[in-house]
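Okay, here's what each chain looks like letter by letter:
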Amino acid sequence: MNNKIMYSIVVPLYNEELVVQETYRRLKSVMDSTKENYEILFVNDGSKDKTVDLVYGICRNDEKIKLINFSRNFGHQAAITAGMDMSSGAAVVVIDADLQDPPEVILDMIKKWKEGYEVVYGKRAKREGETFFKKFTAKAFYRLLKSMTTIDIPVDTGDFRLIDRKVCNALISLPEKNRYVRGLVSWVGYKQTCVEFVRQERFAGETKYPLKKMMKLALDGITSLSYKPLVISGYLGVVTFITGIFLTIGVVINQLINGKNIVNLPLILAINITMFGLLLACIGIMGQYIGRIFDESKGRPIYIIDSTINYKRVDKRYEISC
Ligand code: UDP
Ligand code: MG
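Here is what the cut-offs are and how they apply
- Residues numbered from 1 in each chain as written.
- Chains lettered and ligands numbered in written order.
- Predicted model: local features only at pLDDT ≥ 70, side-chain atom pairs only at ≥ 80, totals over all residues.
- Heavy atoms only, no water.
- UniProt positions renumbered as here; feature names shortened; annotations may be inferred.
- Helix = DSSP H or I, 4+ residues; strand = E, 2+ residues; numbered from the N terminus.
- Pairing = 2+ DSSP bridges.
- Axes fitted to C-alpha atoms, helices over the stretch in contact; angles between N-to-C directions.
- Contact = heavy atoms within 4.5 Å.
- Near = heavy atom within 4 Å.
- Polar contact = N/O pair within 3.5 Å; in protein donor to acceptor, adjacent residues only side chain to side chain.
- Areas by Shrake-Rupley, 256 points an atom, 1.4 Å probe, with all protein chains shown as cover.
- Nonpolar A, V, L, I, M, F, W, Y, C, P; charged D, E, K, R; others polar.

### Considerations on the UniProt feature "domain: Glycosyltransferase 2-like" (unreviewed entry) in the protein
The UniProt entry lists residues 8-169 under the feature "domain: Glycosyltransferase 2-like" (unreviewed entry), expressed in the numbering used here. For residues 8-169, the end-to-end C-alpha separation is 13 Å, with 41% helix and 25% strand making up the annotated structure.

### Some words on the sheet that holds strand β7 (residues 192-199)
Strand order in this open sheet of eight strands is β7-β5-β6-β4-β1-β2-β3-β8, and the pairing throughout is mixed. Looking at which strands have only one partner, the edges of the open sheet turn out to be β7 and β8 (305-309). If you compare each strand with its neighbour and ignore which way they point, the axes differ by 20° on average. Sheet topology places strand β1 (residues 7-13) next to strand β4 (residues 91-94); four bridges connect them, and they run parallel. Its bridge partner being in β4, S8 is matched across the sheet by V92. Sitting on the sheet, helix α3 (residues 76-85) is in contact with β1, β2 (38-44), β3 (65-70), β4 and β6 (157-164), with an inclination near 155° to β1. Strand contacts of helix α4 (residues 105-114): β1, β4, β5 (119-127), β6 and β7, with the helix running at about 45° to β6, the strand carrying the most contacts.

### Describing the site of ligand 1
Taken together, 19 residues lie around ligand 1, and E16, D45, D98, T207 and K208 are the ones closest in. Between ligand 1 and D98, the relevant distance is 2.6 Å, taken from an oxygen atom to a side-chain nitrogen or oxygen of the residue. In the model, an oxygen atom of ligand 1 is placed 2.5 Å from a nitrogen or oxygen of the K208 main chain. In isolation ligand 1 exposes 530 Å². Once the protein is present, 96% of that is buried. Its residues placed into classes, the shell around ligand 1 shows five nonpolar, five polar and nine charged.

What follows is the structure in structure tokens.
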């Protein structure tokens, strides 16, 4: 076996004390079966439970396992980004820690990569053990996003995928802060294909993606890939303006010809509230874009690393002994 790292497996971790040992065991068994050199990068995204202590223990016994420990919770997409930034493999695989993405599928991805594909994404043929709400919102969102952009974003895929070193380097070179990594992977192009798999039930513990985080991710996806919401609010403004002109003409004519006042207070109130709502919604949409421009302009890093383990090549400031 030569020393060159062939595969880097990036695993983001946020409060995953109940799954991390089993995830390590399953990943190790799959990756050992390739008979090629690999590294597993656990990215601890500011966990508040015993996740990091458990990973320390794993790293102590297995130097193929590396830890990137964030200074606080920066979010799933930041954790994936850090893993890519710090990876050395000829191919990089991103996989969730909770075993919903079966590690065995990595072998199918590797096969496709060896056939010459540069991105192999996991397509969820079926989702086991998830709530109706989660399945419905995910399905609706992927289709909404697809309809909003000209980039070909495959539906029903998460971040579980294998990317070639070329693709990883292209992604690393993108400086944007509020990242929607799966969209960026589509944006960079290259030869892409999928492998289908059945998304499993979470091995243990609860989802780390509450509604608030899901909404943020969805908005990052839309705003980073499409201007359509801004265009639609512009169209809405035009339609409202034209309707207003016709209404005004109608009211004036009615008063002049029939001498009847068709406008009453409840009607004025109803129209006012509707228009106000529409206006605020359009300002809110603009706000989503402006907030992200603000984030970019500050130039802060996407994440901050507190420490690392089993890394030889990074800044010694981060290296801690264990
Ligand atoms: N995760 C993370 N930071 C967060 C939230 C989640 O690193 O702020 C990780 C989490 O540990 C898991 C992956 O992202 O490995 C996906 O999270 P989860 O399985 O809870 O999401 P779901 O499958 O329910 O959408
Ligand atoms: Mg999950």
